[in-house]
Amino acid sequence: MSNDDVWPPREPWVGAWLLIVCALVLTMILVGGATRLTDSGLSITEWDLFKGLTPPLSDSRWAEEFALYQRTMEYQAQNNGMTLDEFKHIYWWEWGHRFLGKVIGVVYALPFFFFLFTGRLRGRFRLTILLFALGGLQGAIGWWMVTSGLFDRLDVSPFRLAIHLAMAFVILALGLWVALGAFAWPKQSSKLGMPRWAPFVLMAFVFVQLMFGALLAGSDGGPAYADWPKIGGEWFPSTAFGLEPLWHNFTEDHATQHLLHRSMGYVVGVFALLLALIGLIRGQGPARWAALAVGLVALGQVALGIHTVLMASPFWPSLLHQLGAAILWTAALVCARAAWR
């Protein structure tokens, strides 16, 4: 049986389209991170597709949006007295985040139907229609997340934030996998030198780490412990897992969140370096270099994470740390693709 019988035919234009979509999704992840870090996510209190196509273009429209925001608990308890200019600053982040989501929808939908009707999605229709569905679901999850913080909380639910971020990374991974397949990459012999499921294990570890990070960030727990390697001067925080019921510790207790996020970070770092070392010694072709890239990215991400902790999680290090997570996630997927192919 030839490769053509196993893998869908090569379609570079489909691959290029999906790479553009992946780049936009990555941008969306960063803009979403900036929206969270600037506490901008609750500045738009309505979901109106047509109204949201343009930002406020008149003083009356700005006054209307500001009045809606003033009804939220975040404004009343945290930002009471905010000026209109200060409101505009957070509004632009959230509007940009939502507008970029609409752009991604258009950039995906129009070529999708073109490639579908011209027969270029042969063998990839199910995965591309799944991407389409996940994109729509992500919009609904985003609004579900926002509604959790409008009137009953100061911030959105960390749990819903984690789900929203998880979906973004799933979409990024699926889109990149199909894109690489459309380029028939890798085209040459490629061996990792260890079981080909190993990069998928790393991806699972990274995914768990992403969720711990989202819960920590969603509860504004990053600045709570600005020391390393200890947490609040302790190797194992004495207050960790002290809340009842147990699951409250994952969304509300900063000591528990720091312990889990840091511990999982060590697991990810060690596994990534092991993958890189074995791949460098025993691997061949693209899988070898992909494994090396995974190890280098993981080292950089661990260093950046420590720096972010010691700086008490300011804006730019925190945002770069989220970018590093996305790069490590995609590097692990590329390594998995190279090993699997």
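Above this text you will find the structure in question.
Reading guide: rules and limits
Residues numbered from 1 in each chain as written. Predicted model: local features only at pLDDT ≥ 70, side-chain atom pairs only at ≥ 80, totals over all residues. Heavy atoms only, no water. Helix = DSSP H or I, 4+ residues; strand = E, 2+ residues; numbered from the N terminus. Buried < 20%, exposed > 50% of the residue type's maximum accessible area, 1.4 Å probe, protein only. Contact = heavy atoms within 4.5 Å. Areas by Shrake-Rupley, 256 points an atom, 1.4 Å probe, with all protein chains shown as cover. Arc of directions from axis to C-beta. Patch = residues over 30% accessible without salt bridge, like charges linked within 9 Å, V, L, I, M, F, W, Y side chains within 5 Å. Salt bridge = Lys/Arg side-chain N within 4 Å of Asp/Glu carboxyl O.

Caption draft 1: Region of interest: the overall build of the protein chain. Within the protein chain one finds twelve helices and zero strands. Secondary structure of the protein chain in N-to-C order comes out as α-α-α-α-α-α-α-α-α-α-α-α. For the protein chain, the C-alpha atoms occupy an extent of roughly 70 × 55 × 35 Å along the three principal directions. Within the span of the protein chain, comprising 341 residues, buried residues form 48% of the whole. Taking all contacts inside the protein chain whose residues are at least 6 apart in sequence as the whole, residues at least 24 apart take part in 76%. Taken as a whole, the protein chain presents about 16500 Å² of accessible surface, with 69% of it coming from carbon and sulfur.

Caption draft 2: How the structure looks around helix 3 (residues 59-69). For helix 3, every residue scored as buried is listed here: Arg61, Trp62, Glu65, Phe66, Leu68 and Tyr69. The arc enclosing the buried residues of helix 3, seen along the axis, measures out at 160°, which places them on a common side. Set apart from the buried face of helix 3 by more than 90 degrees, the exposed residues are Asp59 and Ser60. On its buried side, helix 3 packs onto helix 4 (73-77) and helix 5 (84-117).

Caption draft 3: Representation of a nonpolar patch on the surface. Among the surface-exposed residues, Phe125, Leu127, Ile129 and Leu130 lie close enough to one another that they form a single nonpolar patch of about 310 Å² accessible area. For Leu127, the location among the structural elements is in helix 6 (residues 125-147).

Caption draft 4: Main features of the environment of Ala182. Here Ala182 shows up in helix 7 (residues 158-182). For Ala182, a relative accessible area of 0% gives the class buried. In this structure, the C-alpha to C-alpha distance between Ala182 and Arg61, residues 121 residues apart in sequence, is 45 Å.

Caption draft 5: Highlighting the environment of Lys230. Considering the arrangement of structural elements, one finds Lys230 in the loop between helix 8 (198-218) and helix 9 (248-252). Each C-alpha atom, one on Lys230 and one on Ser148, is 33 Å from the other, the two residues being 82 residues apart in sequence. Those residues within four positions of Lys230 in sequence are excluded, and the remaining contacts are Trp235 and Arg262.

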